[in-house]
Each structure stands twice: as C-alpha cells, then as structure tokens.
Amino acid sequence: MSLAKPDAINITTKQKVALATGIVGLLILALALFNTNFPNQGVFLTLALGMVSIGTIIYSREAYLTKLEGIKNDGVWFKSISSRGVWGWLVGVILTSFYIVLYFYPQYLGLGVDGAANTGLISLFDPLSQLLSGRNASQWFVYGTLYTIAILAFGYKFILKYRHNRYQQIRTISVMFFQLGFAFLIPEFMYVMNNDLPYYDLKSMWPLNYYIFDEWSVSGFLSNGNIGLALILFGIITIFVISPILTYKFGKRWYCSWVCGCGGLAETAGDSFRQLSSKKMSAWKIERWLIHLVLVFSVVMTTAMVYTYLGYDSNDFWLTKGVFISLVIGFLTIVFAGIMIFKRHELGKDVKYGAIGLFAVIILLVTMHFTGTTEHVFYVKAGALRSAYGIYIGSIFSGVIGTGFYPILGSRSWCRFGCPMAAILGFQQRLFSKFRITTNGGQCISCGNCSNSCEMGIDVRHYAQKGENIVRSSCVGCGICSAVCPRGVLKLENDSMNGRINPTEILLGNDVDLMELVNEK
Amino acid sequence: MNNIVIIGNGISGVTLARHIRKLSDKKITIISAETDYFFSRTALMYIYMGHMKFEHTQPYENWFWEKNRIELLNAYVEAIDTDNKSLRLANGSHLNYDKLIIATGSKPNKFGWPGQDLKGVMGMYHKQDLDNLEVHAPNKEVCKRAVIVGGGLIGIELAEMLNSRSIPVTFLVRESSFWNGVLPEGESQMINRHIKNHHIDLRLSTNLKEIKSDENGKVKSVVIEETGEEIPCNVVGLTAGVSPNIDFVKSSKIETGRGIKVNRFLETNIPDVYAIGDCAEQHEAIGNRRPIEAVWYTGRMMGETLAQTICDKRREYKPGHWFNSAKFLDIEYQTYGWVWAKPKENETHFHWKHEDDTKCLTVGYNKDTNEFIGINTFGIRMRHETFDTWLTEKRDVDYVMNHLSEANFDPEFYKHYEAEILSAYNKQLQTA
C-alpha cells in the first residue's frame with residue numbers, strides 16, 4: 001500500500017495525443033536511421049521536426065496553461081523519467097548511444113564517405129542543409145538541427161512553466177536566440193558567403209571552443225583575408241576582454257545560462273533533470289578536482305598545439321615559439337601573482353586548488369620550453385594531446401556523458417565537472433565579480449527546495465540557512481533556487497564587491513547585541 | 001557540568017547543539033523518537049507533493065553529526081527525574097544529564113470531536129503524520145475526498161498537498177474569513193479567493209460536529225455543525241492549531257502551564273533544566289509577542305541564545321523585530337514588524353491590492369505620530385534587512401512609502417509596483 005505512488009502517467013487526453021504526435025515525428029527519424037527511403041525527403045523532414053515541435057508545444061500548453069501561475073514541481077520525484085526510474089535509464093541509454101554513434105560511427109547515421117551521397121538519417125536532412133548553405137548535410141548538421149529544435153521546443157515549455165517569472169522567461173528567450181542565430185543559422189550563412197571559412201559559432205569561446213586555435217582552423221581563418229583575421233581576433237578578444245568585463249558585471253551567468261549552447265540545452269531540454277545533481281560534499285570535492293584538471297589539460301594542450309605550428313624565426317612572423325610561450329607564461333604569472341597579492345585572504349579551499357593548478361601549468365610550460373621537448377609534452381606529441389583532448393573531453397565528457405547522462409547525473413554534469421570555460425568564468429566569479437545570490441536575513445526555513453533544484457549541485461540551503469550570501473564559482477545564475485523558494489529568501493543580484501561574502505553565526509531578527517557580539521569575530 | 005542532553009531534534013534543539021559545539025567541547029546528546037536525523041519540518045509538504053524526497057529535507061548530511069561529535073539517540077523520553085538528573089526512556093533504560101534542554105515542539109490540537117481518533121484522521125506536523133497520509137491518501141482513487149478542519153498555515157498547506165494529487169478537498173474554517181485572526185480583512189479575503197481558484201471547497205464560518213466511522217473504524221464522513229450536512233470523505237486533517245508537546249513533563253517537578261514555563265533566560269523553575277522552541281512558555285509575553293511562539297524562526301533564535309547561557313555566558317532571550325513568512329498556495333507572504341488583523345487604538349492601516357488579485361500589501365502605522373509599525377506583503381518579496389533597519393530607526397510611514405523600492409527583493413526584471421502603491425497611498429491621505 002505504502003508503495004503506491006500517485007499515477008505518474010496522470011496526463012490528459014490532449015496530452016496523450018500531443019505525446020503520440022511527437023513520437024510519430026521521432027519515429028520518422030528512426031525509420032530514416034534504419035535506411036527507410038522516403039520519397040520526398042523535404043516533406044518528411046518537415047513532418048518529423050514539425051510533429052516533434054508541435055507535440056511538445058501542445059503538451060506544454062496543456063500542462064501549464066490549464067493551471068494557475070506558480071511553481072510546477074508536483075510529482076517530479078515520482079515520475080520515472082525524472083527520478084532515475086526505468087524511463088530515466090532508458091532515455092539515458094538511448095541518448096548515450098546516439099552520442100557514441102554521432103561522434104565515433106557517423107557512417108551508421110548515413111554519412112556518405114569519400115564523396116558518396118548521404119543515406120539514412122543524414123540524407124533526410126540534405127534538403128534543409130541545401131536550403132541553408134547549398135551543400136549536403138553532415139552528421140554535425142543533423143545534430144545541430146536536432147539540438148536547436150530541442151532548445152526551441154523545450155525552451156517554449158520552460159517559458160510556460162515559469163510564466164510568472166520574467167527573469168526565467170527573458171533568459172530562456174536569450175538562449176533560444178543565441179542557439180538559433182549564432183550556433184545554427186549564422187555559421188551556415190557564413191559558409192554561403194565564404195565557403196573556405198572554418199565553422200565558427202561566434203558565441204563559443206576558447207576553451208569551450210577548443211579547436212579554434214588548431215592549425216587548420218587558424219590557417220583557415222588567416223587565408224581568408226580581413227574577415228578571417230577579424231574573426232580570429234574576435235575570438236581572442238572575447239576570451240580576454242569581453243568575457244572578463246561581462247563576468248565582472250553580471251557573474252558567469254551572462255554566458256552559462258544566457259548565451260551558451262550547452263547551458264541552453266541543459267536549461268531547456270534538461271530542465272526536468274536538474275534535481276538529479278548530487279548535493280553531497282563528496283560530489284563537490286570531485287567537482288573541484290575534475291574541472292580544474294580539465295582546465296589545466298586544455299591550457300597545456302592548446303599551448304602545445306599552437307607552439308608546434310609556430311616558427312622559430314621572427315623574420316617570417318613576429319609570433320615565434322619563443323614569443324608565444326613567453327606571452328602565455330607572462331599572462332599566467334600575472335594572473336597567479338594578482339590573485340596571490342590581492343585575493344589571498346579570500347581564498348577558499350576551492351580557489352586554492354585553482355591557483356595551484358594555474359601554477360602547475362606555468363611550471364609545466366616553462367619546463368616544456370626549456371627542456372626542448374618542443375613537439376612533445378612529457379614525451380607525448382602535441383598532436384596526440386590534442387586528439388586525446390578532442391576524444392576524451394570534447395566528445396566523451398561533454399557529449400556522451402554531459403548530455404547522454406542527463407537523466408542520471410542531472411542536466412549540468414558537463415558544466416559542473418568538465419567545462420574549462422566554466423572553470424575560468426567561475427574562478428573570476430568567485431574572486432572578481434559583482435554577482436552574488438543575496439540571502440534575505442533570517443527568513444530561511446531550511447526546506448531544501450533551493451538545493452534540490454540546483455542543477456550545479458550547490459547546497460544553496462547550507463548558505464541560506466546561515467544568512468550567508470551565495471558566492472560560488474560554479475553558480476551559473478539560472479535563478480531557479482530563487483524561483484522555488486517559498487519564503488522569498490534568495491535574490492540574484494549585481495551589487496558592490498564589498499560585503500559580498502558575509503558569513504554570520506547569528507541570523508538577523510535575533511538580539512541585536514548578540515548578533516554584534518557573535519558575528520564580529 | 002559538561003553532559004548536555006537535548007530532547008527534540010527540531011530546529012530549536014539542533015541550532016542549540018550546533019552553537020554549543022561552536023563554543024565548547026561539551027558532550028552533546030540529542031534525543032528524538034521521531035526521526036534519526038534532523039529534517040526541516042516545514043518541508044514535509046514537499047515530500048508528499050513530489051518536489052523532494054525525505055533525504056532532501058535534511059539540512060545536514062549524515063556524517064555531520066559524528067564529525068561534530070553530536071550524539072543522536074533514537075529514543076522516547078517517558079519521565080524526567082530532576083532530583084537525580086536522570087531521564088527514563090521508553091525502552092526502560094535511564095540517561096543522566098548535567099544540563100537538560102527540552103525542545104520537543106508541538107502537537108496538533110484536538111478539541112474532543114467525536115471520531116477524532118479514527119483511522120484516516122490526522123494532523124500534519126510529525127514525520128509520522130506524513131507517512132500516515134501516504135497510507136490513507138496515496139491518490140484520488142483511494143481517497144475520494146479529504147476534509148480539513150482548521151484554517152491556519154498548516155491547514156492551507158495540507159490543502160495544497162492534497163490538491164497536488166488531484167484529491168478533492170473540503171476546507172472547514174471556523175472564522176468568517178481565512179486566518180483573519182492574524183491577517184487584515186483585505187488580505188484574508190484575497191486568500192479566500194485564491195483558495196477557491198484552486199478548486200478547493202472552502203467553507204467559511206463552518207465548524208466540525210463529528211467524524212463518522214465505517215465498520216472498520218475508518219473515517220467515512222464528517223458532519224457540519226451549522227447545517228448538519230454530512231460530507232463523505234476518506235481522510236480528515238485536523239489543523240486547528242498546535243499546542244506544546246509536553247505530556248511527558250507533567251509528572252516531573254518542572255513547572256508547566258500550556259507550555260513549559262520559562263523566564264527570559266529560558267530557564268525553568270528547576271536549575272539546569274531549560275526549554276526552548278514551541279514548547280516553551282514565557283511567564284510574561286515579550287513585547288507584543290505571544291507567550292508561546294510556535295514559529296521556526298523563534299525556535300532557532302532561542303537555540304542561538306541559550307547556547308551562550310549553556311556555555312557560561314548567561315544571556316537573556318531578546319528577540320529583535322518580529323518577522324515571519326508563509327506561502328498560501330501560489331502566493332508568498334512576508335511580514336515585518338506588527339500588522340494586526342484589526343488596527344489597535346491610535347493605529348491605522350494602508351492597504352493596496354493589485355488588480356490581478358494575487359498581490360497586495362498592508363502597512364500599519366501610528367496615526368498620531370505617523371511612526372511605521374509594520375508591513376505585510378503578498379506576492380511581493382521584501383528585504384528583511386531594510387525593514388529591520390527602518391523599524392529600529394523608527395521611520396515614519398511617509399518615509400517608508402517613498403522608499404519602498406529600496407526594500408524590494410523580487411527577482412530581476414520583475415514588474416515593480418512602488419509607483420502605483422505610492423500614488424494609492426497619497427490618494428488615501430488626501431481623501432482621509
């Protein structure tokens with residue numbers, strides 16, 4: 001009896017029809033995958049994507065618009081799909097398999113090799129690709145299309161779910177816009193204008209966009225005159241100038257939950273899984289090690305890559321191996337020294353790990369340069385390092401695990417444990433940003449809704465119940481903790497740097513003298 | 001004097017234990033028969049609604065207690081022998097203490113209704129109540145209707161819980177309007193309408209006469225006092241307030257009234273025995289507060305204060321400005337300072353309500369001196385610190401109304417209503 005849970009498939013007839021519509025759409029894609037030859041691919045592709053989108057839209061409207069505005073988390077931990085039940089695991093396996101095929105066996109998706117025509121699923125997408133850029137589809141085009149559809153359809157669902165919350169709505173419109181425009185359409189149009197340019201998603205920064213400084217990429221840009229040069233300069237400026245300024249003003253959320261595609265998918269299609277991220281202290285420890293190791297890996301890898309294709313002679317090009325390595329070491333040293341001089345009193349354990357990581361990179365680079373292991377980093381070829389990074393981090397971590405494991409590890413496991421971009425932004429957010437989540441005096445009742453809904457696994461309650469603001473490097477500023485709080489305790493804010501971190505022992509509302517006595521030690 | 005025993009692992013007892021540990025190396029034991037580990041009582045509703053699982057309501061991971069050397073004992077205290085400083089436990093064993101703190105919280109009120117102990121009748125306070133509800137109201141097929149008796153904070157939460165599983169709810173409220181002993185009329189009536197918008201069958205000015213049993217001793221129906229109407233139901237929630245959970249203390253020498261009588265230092269009449277939280281009753285009420293404050297925040301504050309006393313820095317319980325909060329279905333409520341249901345003599349209220357009927361506020365002030373006394377807000381979040389400061393500074397109501405936006409705590413990009421509120425306020429002054 002006590003095992004009887006409320007009926008999880010408690011959905012209306014209209015929702016069942018919507019669900020069926022979406023499934024038929026997916027079925028068309030599945031049939032194409034198994035090499036069904038559709039007579040008119042354009043029609044069937046439109047049908048498939050249209051049915052998936054319309055199914056999601058009708059389902060969401062029925063789910064949310066029939067109820068009053070408010071928090072809609074009823075039954076989240078009862079539903080099989082969102083509580084690691086059978087459906088959750090099943091979806092996890094399907095997603096994971098899809099990513100493995102996508103990254104390592106694109107021929108099974110029907111990718112035509114050596115100029116052969118596409119077949120299967122990829123050929124179904126040829127008409128759309130032809131329409132946008134005049135070439136046949138690739139597995140990445142198929143992926144990009146499905147990814148964009150997912151963000152748009154589930155973004156719409158998310159907007160309805162939080163229709164009482166303008167922060168959530170505006171933020172979601174932003175990620176939908178950047179995905180559709182910057183990640184999907186603009187690169188296609190750029191190809192139409194100049195088909196020698198490498199694919200470039202303007203909003204994707206190094207080191208998330210770890211291949212931008214690869215030799216083929218850089219020479220691809222440089223061989224395209226001013227536009228190529230402008231693009232690569234833009235890439236450098238985004239990471240070194242634009243991003244630090246925006247992160248200072250708004251926290252890393254400006255990127256992670258407003259712009260980024262990985263974040264965009266996590267916030268929309270992944271929203272149902274946000275509560276699955278582990279809030280244990282042990283998970284946080286793993287997170288701090290893992291994400292900083294990936295960052296170190298990406299910095300060393302990129303440096304080594306660039307290093308290998310630069311020359312020795314400054315007469316050929318001013319940026320020689322020596323100049324480049326000096327620039328990198330100089331930059332890292334300034335950052336390291338700056339943190340140690342100005343921020344050492346603020347260094348939490350996590351930041352210390354970061355600083356140590358940074359220092360390790362400097363040492364490593366110096367060693368590399370002066371031991372003459374130019375092409376080799378610890379006897380591993382830079383090229384091998386690059387391809388290892390591409391496979392293990394770029395494909396397996398961010399794709400297969402990051403998205404495939406949504407229903408198991410929660411929607412942001414890549415962002416939390418792996419993304420080197422998030423590590424850099426987080427580092428800055430923790431030390432040099434106006435952003436924080438303000439705790440509202442003594443109003444917290446320790447209910448745990450905030451921690452439960454944190455996709456980054458931050459134990460928000462731990463801070464809120466102490467009356468302490470939340471200043472954590474991993475916080476992507478999605479604002480759901482604030483939305484679900486039943487007592488109005490949390491507010492995302494950009495305010496002065498002073499008093500941003502405010503640990504207290506006695507909370508507001510108690511004896512004033514006692515608060516002063518205990519809090520001021 | 002270093003063996004500290006705390007009965008009750010709620011917010012009061014646990015806050016006390018944490019603060020004693022910060023200040024000292026004393027041996028600390030927390031006894032509870034309810035659960036092994038501390039959980040947030042206020043979050044029980046979210047477990048039933050499926051927002052969280054039970055473990056998510058535990059603010060500290062299980063390793064926390066051992067790491068901080070706080071011993072947890074799952075036991076039920078039957079009697080206290082203050083002469084020998086000893087507790088008798090239900091399993092027959094005894095436990096000695098040097099200092100004893102009673103923090104056993106509340107229990108739901110029952111007013112002698114016929115049938116109040118039937119199967120399917122429950123309060124919503126303890127973890128066991130939640131388990132019980134899961135048995136009797138797992139879904140709308142097993143529980144075809146539930147009746148809730150008592151219109152307070154727990155009553156409306158129980159209604160929200162049952163509503164989340166599409167179980168029809170009849171909500172019997174003795175008062176003529178929801179919680180109008182606390183909320184001013186305009187607010188209370190807005191909540192009435194909000195309850196009805198959620199398809200909850202709200203019956204105001206309605207009392208329970210009796211609960212009827214079926215042949216198996218289970219709830220079959222309730223009968224209404226006023227009309228004699230019989231409402232078939234499978235679950236009855238008794239949420240007509242709570243009272244101190246102190247039956248086991250009655251046989252001891254510790255002085256009790258409705259609660260355990262304490263002075264301003266939270267000391268009972270027996271040396272080395274203290275009481276905090278919902279079960280403590282002040283000899284004389286502090287300021288405008290009630291002698292028994294059954295509120296999460298006051299429990300925590302008493303714990304914070306008493307830890308100083310236990311660690312030899314004897315300290316009076318001197319709570320600051322009153323504040324509280326709650327959520328009525330989809331509408332959040334916050335209060336700072338005092339806003340009475342009916343303004344006291346020489347006080348008056350300014351009330352504003354948004355046209356969408358989900359947001360309103362009431363500001364209380366002294367009509368002679370214009371001093372700001374308190375504010376209630378619904379659907380608009382306010383900043384605790386700002387109001388705490390204004391209350392300390394004894395700001396006048398004009399200042400507060402003109403600076404209201406400084407206190408706004410709504411998420412970014414939310415629509416602001418301060419201009420509208422201020423113009424309504426100014427208009428009221430002109431017509432008054």
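This is a predicted model, so every value here is computed, not measured.

Draft legend 1. Molecular detail of the overall build of chain B. Scanning chain B from terminus to terminus reveals 10 helices and 25 strands. Over its C-alpha atoms chain B spans a radius of gyration of 23 Å, differing by no more than 12% from the 22 Å that the globule rule assigns to 432 residues. Restricting to contacts in chain B with at least 6 residues of sequence separation, those with at least 24 account for 61%. Split by element, the accessible area of chain B, about 17300 Å² in all, is 47% carbon and sulfur. Distance between charge centroids for chain B: 2 Å, based on 52 positive and 59 negative side chains.

Draft legend 2. Fine view of the domain arrangement of chain A. Residue and element names in this part refer to chain A. Examined at the domain level, chain A breaks down into domain 1 (1–67 + 105–194), domain 2 (196–432) and domain 3 (434–519). A separation of 29 Å is found between the C-alpha centroids of domain 1 and domain 2. In this complex, domain 1 contributes 22 residues to the contact, which on the side of domain 2 involves 25 residues. Interface area for domain 1 against domain 2, summed over the two sides, is near 2100 Å², with a carbon-plus-sulfur share of 61%. For the domain 1 face of the interface with domain 2, the top three residues by lost area are Arg171, Met190 and Asn194, together amounting to 27%. If you look at where domain 1 meets domain 2, you find 9 residue pairs in polar contact (both at pLDDT 80 or more).

Draft legend 3. Looking closely at a nonpolar patch on the surface. All names here are of chain A. On the surface, Leu222, Leu229, Leu233, Phe234, Ile236, Ile237, Phe240, Val241, Ile242, Ile245 and Phe331 cluster together to form a nonpolar patch covering roughly 910 Å² of accessible area. With 9 residues, the single largest contributor to the nonpolar patch is helix H9 (residues 225–250). Relative to the assigned elements, Phe234 resides in helix H9.

Draft legend 4. Highlighting unusual backbone geometry. In this structure, Pro207(A) follows Trp206(A) across a cis peptide bond, with omega equal to 5°. Topologically, Pro207(A) is positioned in the loop between helix H7 (166–193) and helix H8 (215–222). Look at Asp312(B): it is not a glycine, yet its phi comes out positive at around 65°. Within the element layout of this structure, Asp312(B) appears in the loop between helix H7 (296–310) and strand S21 (323–328). The exposed category is assigned to Asp312(B), whose relative accessible area is 65%. Positive phi is not limited to glycine here, since Phe413(B) has a value of about 75°. Note on placement: Phe413(B) falls in the loop between helix H9 (397–402) and helix H10 (418–431). With relative accessibility at 40%, the residue Phe413(B) sits in the partly exposed group.

Draft legend 5. Quick peek at the confidence of the model for chain A. Here chain A shows a mean pLDDT of 88. Residues at 70 or above account for 95%. Contacts for the low-pLDDT stretch residues 1–8 of chain A, under 50 throughout, to residues beyond four places or in other chains number 11 contacts.

Draft legend 6. Quick look at the pattern of salt bridges. For the structure shown, the criterion picks out 44 salt bridges over all chains. With a closest N to O distance of 2.7 Å, Arg386(A) and Asp214(A) form a salt bridge. Placement of the pair is Arg386(A) in helix H15 (residues 382–401) and Asp214(A) in the loop between H7 and H8, with a sequence separation of 172 residues. A single burial state applies to Arg386(A) and to Asp214(A), both of which are buried. For Asp247(B), the salt bridge goes to Lys107(B), with nearest N and O atoms at 4.0 Å. Of this pair, Asp247(B) sits in the loop between strand S17 (242–244) and strand S18 (260–262) while Lys107(B) sits in strand S8 (residues 106–108), and the two are 140 residues apart along the sequence.

Draft legend 7. Broad picture of the environment of Arg386(A). Residues and elements named next belong to chain A. The buried category is assigned to Arg386, whose relative accessible area is 15%. For the pair Arg386 and Tyr211, spaced 175 residues apart in sequence, the C-alpha to C-alpha distance is 8.8 Å. Contact partners of Arg386, with chain neighbours within four places excluded, come to Tyr210, Tyr211, Asp214, Met301 and Met305.

Draft legend 8. Spotlight on helix H6 (residues 185–197) of chain B. Taking 1.5 Å per residue, 13 residues should reach 18 Å; H6(B) reaches 18 Å between its end C-alpha atoms and fits that length. Taken together, the buried positions of H6(B) are Glu187(B), Ser188(B), Met190(B), Ile191(B), Asn192(B), His194(B) and Ile195(B).

Draft legend 9. Geometry of the nonpolar core. Residues and elements named next belong to chain B. Grouped together as the largest cluster of nonpolar side chains are 122 residues, with contacts concentrated most on Ile80, Ile102, Leu133, Leu162, Phe328 and Phe387. Here the element with the most residues in this core is H7; it accounts for 7 residues. Not counting the four nearest positions on each side in its chain, Leu133 is found in contact with Tyr48, Met122, Met124, Pro138, Leu158, Met161, Leu162 and Val235.

Draft legend 10. Just the sheet that holds strand S12 (residues 201–203) of chain B, in detail. Ordered in space as S9-S16-S10-S11-S12 (chain B), the 5 strands form an open sheet in which the pairing is parallel. Edge positions in the sheet fall to strand S9 (121–122) and S12 of chain B, since each has one partner strand and no second.

Draft legend 11. Representation of the packing of aromatic side chains within the structure. Counting across every chain of the model gives 51 aromatic pairs over all chains. Taken together, a centroid distance of 5.4 Å and an interplanar angle of 65° make the contact between Trp254(A) and Tyr255(A) edge-to-face. Note on Trp254(A): relative accessible area 15%, which makes it buried. For Tyr255(A), a relative accessible area of 2% translates into the label buried. The ring of Tyr399(B) has Arg395(B) sitting right over it, with the charged end atom 4.0 Å from the ring centre.

Draft legend 12. A look at the packing of helix H2 (residues 41–64) of chain A against helix H6 (residues 139–161) of chain A. Residues and elements named next belong to chain A. It is the contact of H2 with H6, at a shortest axis distance of 9 Å, that shows an interaxial angle of 15°. Between H2 and H6, the angle is such that the two are roughly parallel. The interaxial crossing formed by H2 with H6 has right-handed handedness. For the pair H2 and H6, the contacting residues are Leu49, Ser53, Thr56, Ile57, Ser60, Arg61 and Tyr64 in the first and Thr145, Leu146, Ile149, Ala153, Phe154, Tyr156, Lys157, Leu160 and Lys161 in the second.

Draft legend 13. Inspection of the interface of chain B and chain A at higher detail. On the chain A side, the residues contacting the 67 residues of chain B number 65 residues. Taking both sides of the interface into account, the surface hidden between chain B and chain A amounts to around 5400 Å²; carbon and sulfur atoms contribute 48%. There are 5 salt bridges connecting chain B and chain A. The salt bridge partner of Asp511(A) is Arg315(B), with a shortest N-O separation of 3.7 Å. At the boundary of chain B and chain A, one finds 39 residue pairs in polar contact (both at pLDDT 80 or more). At 7 residues, H7(B) tops the list of elements feeding residues into the side of chain B that touches chain A.

Draft legend 14. Structural view of empty space enclosed by the protein. Counted by the stated rule, this structure contains 11 cavities of 30 Å³ or more. Size it by volume and the second largest cavity reaches roughly 130 Å³. In terms of lining residues, the second largest cavity is bounded by 18 residues, among which Gln465(A), Ile11(B), Arg18(B), Tyr60(B) and Arg300(B) are the most central. For the lining of the second largest cavity, the secondary-structure elements that each account for two or more residues are helix H1 (11–23) and H7 of chain B. Among the elements that make up the lining of the second largest cavity, the one with the highest residue count is H1(B) (6 residues). The residue inventory of the lining of the second largest cavity, partitioned by class, reads 7 nonpolar, 5 polar and 6 charged.

Draft legend 15. Broad picture of the side chain of Asn9(B). Residue and element names in this part refer to chain B. With respect to the helices and strands, Asn9 occurs in the loop between strand S1 (3–7) and H1. In this structure Asn9 comes out as buried when scored by relative accessible area, which is 7%. Of note is the side chain of Asn9, whose polar atom sits 3.2 Å from the side chain of Ser32. Within polar-contact distance, the side chain of Asn9 engages the backbone oxygen of Thr35 at 3.2 Å. Those residues within four positions of Asn9 in sequence are excluded, and the remaining contacts are Val14, Ile30, Ile31, Ser32, Thr35, Asp36, Tyr37 and Phe38.

Draft legend 16. Representation of the sheet that holds strand S7 (residues 99–102) of chain B. Residue and element names in this part refer to chain B. Spatially, the 5 strands line up as an open sheet ordered S3-S2-S1-S7-S19, and their pairing is parallel. Edge positions in the sheet fall to strand S3 (70–74) and strand S19 (273–275), since each of these pairs with one other strand and no more. The average angle at which neighbouring strand axes cross in this sheet is 20°, direction not considered. Inspection of the sheet shows S1 paired to strand S2 (residues 27–32) by 5 bridges, in the parallel sense. Its bridge partner lying in S2, Val5 is registered against Thr29. The strands touched by H1 are S1, S2, S3 and S7; relative to S2, the strand with the most contacts, the crossing angle is about 170°.

Each value, and the rule that gives it
- Residues numbered from 1 in each chain as written.
- Chains lettered and ligands numbered in written order.
- Predicted model: local features only at pLDDT ≥ 70, side-chain atom pairs only at ≥ 80, totals over all residues.
- Heavy atoms only, no water.
- Helix = DSSP H or I, 4+ residues; strand = E, 2+ residues; numbered from the N terminus.
- Rg over C-alpha atoms; globule rule 2.2 N^0.38 Å.
- Contact = heavy atoms within 4.5 Å.
- Areas by Shrake-Rupley, 256 points an atom, 1.4 Å probe, with all protein chains shown as cover.
- Lys, Arg positive; Asp, Glu negative; His and termini not counted.
- Charge placed at Lys NZ, Arg CZ, Asp CG, Glu CD.
- Domains from an automatic or database assignment.
- Buried area = accessible area lost by both parts, 1.4 Å probe.
- Polar contact = N/O pair within 3.5 Å; in protein donor to acceptor, adjacent residues only side chain to side chain.
- Patch = residues over 30% accessible without salt bridge, like charges linked within 9 Å, V, L, I, M, F, W, Y side chains within 5 Å.
- Salt bridge = Lys/Arg side-chain N within 4 Å of Asp/Glu carboxyl O.
- Buried < 20%, exposed > 50% of the residue type's maximum accessible area, 1.4 Å probe, protein only.
- pLDDT = per-residue confidence, 0-100.
- Expected span 1.5 Å × (residues − 1).
- Core = buried A, V, L, I, M, F, W, Y, C linked by side-chain atoms within 4.5 Å.
- Pairing = 2+ DSSP bridges.
- Phe/Tyr/Trp six-rings, centres within 6.5 Å; stacked < 30°, edge-to-face > 60°.
- Lys NZ or Arg CZ within 6 Å of the ring centre and 35° of its normal.
- Axes fitted to C-alpha atoms, helices over the stretch in contact; angles between N-to-C directions.
- Parallel < 35°, antiparallel > 145°, perpendicular 65-115°, else oblique.
- Left-handed = near helix turned anticlockwise from the far one by under 90°.
- 1 Å grid on protein atoms, 1.4 Å probe; cavity = no way out; pocket = protein on both sides within 12 Å on 5 of 7 lines; lining within 4 Å.
- Points joined across faces, edges and corners; volume = space filled by probe spheres on them.
- Nonpolar A, V, L, I, M, F, W, Y, C, P; charged D, E, K, R; others polar.

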